[in-house]
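Okay, here's what each chain looks like letter by letter:
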Amino acid sequence: MTSTVSSIRIGYDYIGTPLKNNFIHYSGTVHRVTVGIGFTQRQVKRVY
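K.L.:
Would you mind going over the environment of Arg42 in detail, with residue names and values included?
P.N.:
Checked against the element boundaries, Arg42 lands in strand 4 (residues 30–43). In this structure the C-alpha to C-alpha distance between Arg42 and Met1, which are 41 residues apart in sequence, comes to 8.7 Å. The residues contacting Arg42, other than those within four sequence positions of it, are Met1, Thr2 and Ser3.

As structure tokens, then:
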């Protein structure tokens, strides 16, 4: 007998570090969303 477990993972990152110097002229923010789907299958053993 096998058992299957599924999962969904959602992550959110916010980076708000402005980078301004003589070489880099970037000033802004970054929003990042990650979505992951996973499946795990296990074998179930019953003990009587």
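K.L.:
Describe the pattern of salt bridges, listing the residues and the values that go with them.
P.N.:
On inspection of all chains with the given rule, the structure shows one salt bridge. Across the pair Arg32 and Asp13 runs a salt bridge, and its minimum N-O distance is 2.5 Å. Taken together, the residues span a long stretch of sequence, with Arg32 in strand 4 and Asp13 in strand 1 (residues 2–15) at a distance of 19 residues.

About the thresholds
- Residues numbered from 1 in each chain as written.
- Predicted model: local features only at pLDDT ≥ 70, side-chain atom pairs only at ≥ 80, totals over all residues.
- Heavy atoms only, no water.
- Helix = DSSP H or I, 4+ residues; strand = E, 2+ residues; numbered from the N terminus.
- Contact = heavy atoms within 4.5 Å.
- Salt bridge = Lys/Arg side-chain N within 4 Å of Asp/Glu carboxyl O.

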